[in-house]
Amino acid sequence: MSDQDISNNPFVSLFPSLNEAKQFRNSTSNFLPADIGLNDRSSSLSEKQLSKEEVLHHKNEHNDQVGQLHEYSEASEDYSVKEIVKKIELSYILEEIFRITLDRGLSTDPKRPTHCVYLEELHNVVADQNWLDLDNMPQAVFERLMLNDPAKSIVSTRGGVSDRIAEEEAGIKDVLLYLYLCYHRLFISKKKLEDNIYKQLNQVILSQSATSLCHSEIYPHAKCSKELIELIQDYSAKPGHMETLNQYITSLASYVSEQNKSGEEDMTLLDAFSGSFETLRRCFLNMSLVDRNLFICIDTLRYFACSTDLAEALLDFSLPRNNTSAQAYQFSLLGAPLAISCLPRMESEQYEFFEHPSRTTQQEHKITEQNIWMPLRSVTTQMHQIFYLLLRSSPEVRHKTMKWIGDCLHANSERSKLWNFHFEEVFGSVQASDGFMLNFGSVLLRLCKPFSLPDSPKILKVNPTYCAAEASGDGEAKNKNLHLRGMMKFLSLKAALLEPETLSLMLQFHLTTAAWLCQVGVYENSTELEPLTFPLPSSVPEALKCIPEFVIHNVTDCTIFIKRFSPTSFEEVGPMLGHLLNLVLVFMGSPERINNPHLRAKLAEILEALMPPRDQERYEGLLVSCTQREKMFKEFPNIIHLVPTLLHVFISIEMTGHNVAFEEKFQYRRPMYIVLYYLWKIEVHKEKIKQLAIEAEEKVENADVPLFLRFINLLINDAIFLLDEALSLMAKIKELQIKRDSGEWNSLPTRYRQQNEENFHHLGLLARFHNVMSNETIYTLKWLTSEITSIFCHPSMVHRIASMLNYFLLHLVGPKKKNLKVKDLGEYDFKPHQLVQDICEIYLHLGATIGPTSRAFCLAVIQDGRSYSTSLFPQAQVVLHKIGKSILATDLEQLHEAIQKLAVDQKRDDEATADAPEEFLDPIMNTLMEDPVILPSSRVRVDRSTIARHLLSDQSDPFNRSPLSMDMVIPDPELKQKIQEWLEKQRRVSS
């Protein structure tokens, strides 16, 4: 090889000077092989020379891998060639990872990146060293980050190769994006590096990343907090980046936290990431449900929840300073995604969907609704994943998550108060939005899903004493796990509420709640699910006292809501629906378990909701199957106890001693009438009702008044009050209509005219309520008396029902009926023809059969001197013929004839007893006593039927208010005999 050739050889740089390289060639010319590139001969070499030979051969094989490392010429005396090669390879790897270089020269080695940023300042500092090593990496990376425009310093490092992507990656300006890509490439190169080298490089990247977040002012050209969010959003879904990005975020959070704990860094993890948190929070505040970046942002939030350290910082950032501010939770980072809904965040904002609803078809509304459900479901599903990650993190993070949930619910507790529904604008300005609370509720339902299985023993792990427990501070709360503290609008609310998966989870959760309540309410400290058997144990578990009433309210409201908007859901859950029926059976008839009679009565609404409809039920235009519900009411275990339970709560509303508004009790009883009629059509329940009627008649004088007797007594009371009030209101409405139509109101001042209109409207509402309730009550009496008559004709009952029927029939068919002819009968739900028909059928049920009971009823009809007259039934027949009920009119005529025959005998008896001695007369009714008894306390003598009727409603002596029951009254056989003897004597005289 000539001197010119050797001077062009790249390996000359390994020698201190060209002369030494020539000397080395000459001294080894007899031994080196030709392919070494320095000589054509070779022989035995020293260990050091052999190493150089191996290196040179290696370099030739890899197309000048070493390059122009002139500085190693001086170091060649201290390092073996293998060590030199190792450092060269490391330099190439560092260039590949960090895309920086100290060497402007070109190379043909494919292991070098095609483009790097040339660090001129560092190159000058290290005295023209043109390779990278571990010692200068911190300074090298820092210099790279300080460049305002790295693209201007890019140099090509491989000749003849152009790579646009590599050039763009080398010139990335964003600090955190550059560092992350370095981290990603380091992760890929991990197998090529020794463990200690990998750790040092990882430390360099994390250190610079932490500095950029904690002291972003160092990089005036960068916005590091925003860059972190953009980094996660841009790379979280890229292939090959999910694992490394998550690892990078987690490692960075741990590094900042450790630096702060060791005292090397003053900035806390929350301080370092608060800028990024705030950037993400503001993104959520400006997004809608159809924003294409919404789920990218939620996924970004998930990255923060994956790290234990970062999750704690996230919760600290999301917890409002004022934890009583309801809206503060909605606008926090953790709450902002939950506020994204088809409903507006604020009351003042416009609705986004269902514009011009009256111009849009129902099918189009349905399509819009389904399009809303998809993103709604995705929001709640992904937010559930985030909350789940937080709850499964460290105990501290779990505590803070539960605290956030509990404080949020407590801050929004005012939503349940009545005033919120009357002052929506005020309410909307201080409370979280409906959309937020619905999404939040859906997330909580998903969190409850693992133990929302009614038949799973997991439900027994729910602590019934939780709501009664207290904590003196945050530490004790942590230890005890105590954390709780227009048409467009309608369509938007409906869409938000009816998202199918959330709806299914809601029903499943409340079914589980019902199963749990039954276990807690019957069995003490049970660890396994126990079957329910009746009668229930008399002892009530103490834990039941700790459960707030709203738990049952929630179950009831959910059931009614499902019935109204998604009845198909009942059929989908199948036999699990029976847990709601168990809830009713256990609690509705048990004042020992629920002292509040209003709450027990409210459970009847569950029965009404579960009941198959009277007519074919349709939902969204489709027939809805009722198979599961029908089967439940017929075959469910313990279903035989449903009727007694229902009658018990019907009575308890009247007998509570609580201050129950008069109209309120009728509202409670309305669903009971509907359910009882449905049960009457099922044979097993009809037989149970008949059995109760027979028992009532047999035990009519028991100290404890029979259940069915008390029921029909209250039923008659209700009918008397409701229908009398309804007829009175209809008469008033007729008067007001006449005055209004005559123009009498037109002459009044505006204020008085407006007041009259308001009064008229109010009367209309009252009339409608009383008409609806009286229709149901009279109808209930009609179907009951169709097969049960004896108990209604009992002496304690017969006069009341007979006088009631006479009174109302007289008002409906007599001379006063013209007072009830108002305009728009349907507006007030007034059905006089139906009432006449139902009342006449009751007459026939009780009086048309041959026997002592019918005779007693007919006599009671005649003895009613206030309303009965011989013209009453003929007037009713005229109305029946008019409405097309001729057969009923004929039957009533036959009853009228039978009554008239009895009337003749009754008139004779009345004349005979007209001058009865005072001692023979009942002091309350002023009628001749048939079976006199002595009241034990007042010693007053009254007729047995009179005191029996009184005691049905009032268990006290009517003369001195002392406690009294039928078993306490004292028969007076002597007086009874005197009355009978006197009556017989009077009859003989009159005949």
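The rules behind each value
Residues numbered from 1 in each chain as written. Predicted model: local features only at pLDDT ≥ 70, side-chain atom pairs only at ≥ 80, totals over all residues. Heavy atoms only, no water. UniProt positions renumbered as here; feature names shortened; annotations may be inferred. Helix = DSSP H or I, 4+ residues; strand = E, 2+ residues; numbered from the N terminus. Polar contact = N/O pair within 3.5 Å; in protein donor to acceptor, adjacent residues only side chain to side chain. Patch = residues over 30% accessible without salt bridge, like charges linked within 9 Å, V, L, I, M, F, W, Y side chains within 5 Å. Areas by Shrake-Rupley, 256 points an atom, 1.4 Å probe, with all protein chains shown as cover. Salt bridge = Lys/Arg side-chain N within 4 Å of Asp/Glu carboxyl O. Buried < 20%, exposed > 50% of the residue type's maximum accessible area, 1.4 Å probe, protein only. Arc of directions from axis to C-beta. Contact = heavy atoms within 4.5 Å. Pairing = 2+ DSSP bridges. Phe/Tyr/Trp six-rings, centres within 6.5 Å; stacked < 30°, edge-to-face > 60°. Lys NZ or Arg CZ within 6 Å of the ring centre and 35° of its normal. Axes fitted to C-alpha atoms, helices over the stretch in contact; angles between N-to-C directions. Parallel < 35°, antiparallel > 145°, perpendicular 65-115°, else oblique. Nonpolar A, V, L, I, M, F, W, Y, C, P; charged D, E, K, R; others polar.

- The name an unreviewed UniProt entry gives the protein is Ubiquitin conjugation factor E4 A, with Limulus polyphemus as the organism.
- The Catalytic activity (unreviewed entry) field of the UniProt record for the protein holds the comment "S-ubiquitinyl-[E2 ubiquitin-conjugating enzyme]-L-cysteine + [acceptor protein]-L-lysine = [E2 ubiquitin-conjugating enzyme]-L-cysteine + N(6)-ubiquitinyl-[acceptor protein]-L-lysine."
- Per UniProt, the protein has the following entry under Sequence similarities (unreviewed entry): "Belongs to the ubiquitin conjugation factor E4 family."

## Description of the side chain of Asn439
Inference 1: Tracing the chain through its elements places Asn439 in helix 21 (residues 434-448).
Inference 2: Within the structure, the side chain of Asn439 is placed 3.1 Å from the backbone oxygen of Ile340, a separation counted as a polar contact.

## Brief notes about a nonpolar patch on the surface
Inference 1: Taken together, the side chains of Phe142, Met146 and Ile218 present a nonpolar region at the surface, about 220 Å² in accessible area.
Inference 2: Position of Phe142 among the secondary structure elements: in helix 7 (residues 137-146).

## Some words on helix 38 (residues 872-882)
Inference 1: The complete set of buried residues in helix 38 reads Leu872, Phe873, Ala876, Gln877, Val879 and Leu880. Projected down its long axis, helix 38 carries its buried residues within an arc of 165°, all on one side. Relative to its buried face, helix 38 has exposed residues pointing more than 90 degrees away, namely Val878 and Lys882.
Inference 2: Downstream of helix 38 by one or two residues, Gly884 has phi in the positive range, about 85°.

## Details of the side chain of Ser341
Inference 1: The residue Ser341 is located in the loop between helix 16 (326-330) and helix 17 (362-391) in this model.
Inference 2: Classification of Ser341 as buried rests on a relative accessible area of 7%.
Inference 3: Within the local environment of Ser341, its side chain forms a polar contact with the backbone nitrogen of Leu343, the two atoms lying 3.2 Å apart.
Inference 4: The contact partners of Ser341, leaving out residues within four places of it in the chain, are Leu289, Leu376, Gly435, Asn439 and Ala496.

## Side note on the sheet that holds strand 6 (residues 932-934)
Inference 1: Strand order in the open sheet formed by 3 strands is 7-6-8, and the pairing between neighbours is antiparallel. The open sheet is flanked by strand 7 (941-943) and strand 8 (970-971), the only strands paired with a single partner.
Inference 2: When strand 6 meets strand 8, the two strands line up antiparallel, connected through 2 bridges. Residue pairing across strands places Val933 opposite Pro971, the latter belonging to strand 8.

## Here's the deal with the packing of aromatic side chains
Aromatic rings considered in pairs are described by the distance between their centres and by the relative angle of their planes.
Inference 1: All chains considered together, the criterion is met by 27 aromatic pairs.
Inference 2: When the ring of Tyr180 is compared with that of Tyr235, the centres are 5.8 Å apart and the planes differ by 65°; the resulting orientation is edge-to-face. One end of the pair, Tyr180, is in helix 9 (residues 175-188); the other, Tyr235, is in helix 11 (residues 224-235), and 55 residues separate them in sequence.
Inference 3: For Tyr180, a relative accessible area of 0% translates into the label buried.
Inference 4: Among the residues examined, Tyr235 registers a relative accessible area of 12% and is labelled buried.
Inference 5: Ring pairing ties together the aromatic residues Tyr329, Phe387, Trp404, Phe436 and Phe440, which thus form one cluster.
Inference 6: Between the NZ or CZ atom of Lys190 and the centre of the ring of Tyr198, over which it lies, the distance is 4.9 Å.

## Considering the packing of helix 14 (residues 294-306) against helix 17
Inference 1: Two numbers describe how helix 14 lies on helix 17: the axes approach to 9 Å, and their chain directions differ by 10°. Between helix 14 and helix 17, the crossing angle belongs to the class labelled roughly parallel. Touching Leu294, Phe295, Ile298, Asp299, Leu301, Arg302, Ala305 and Cys306 of helix 14 are Pro375, Ser378, Val379, Gln382, Met383, Ile386, Leu389 and Leu390, all from helix 17.
Inference 2: Here the contact of helix 14 with helix 17 is composed, by residue class, of 12 nonpolar, 2 polar and 2 charged.

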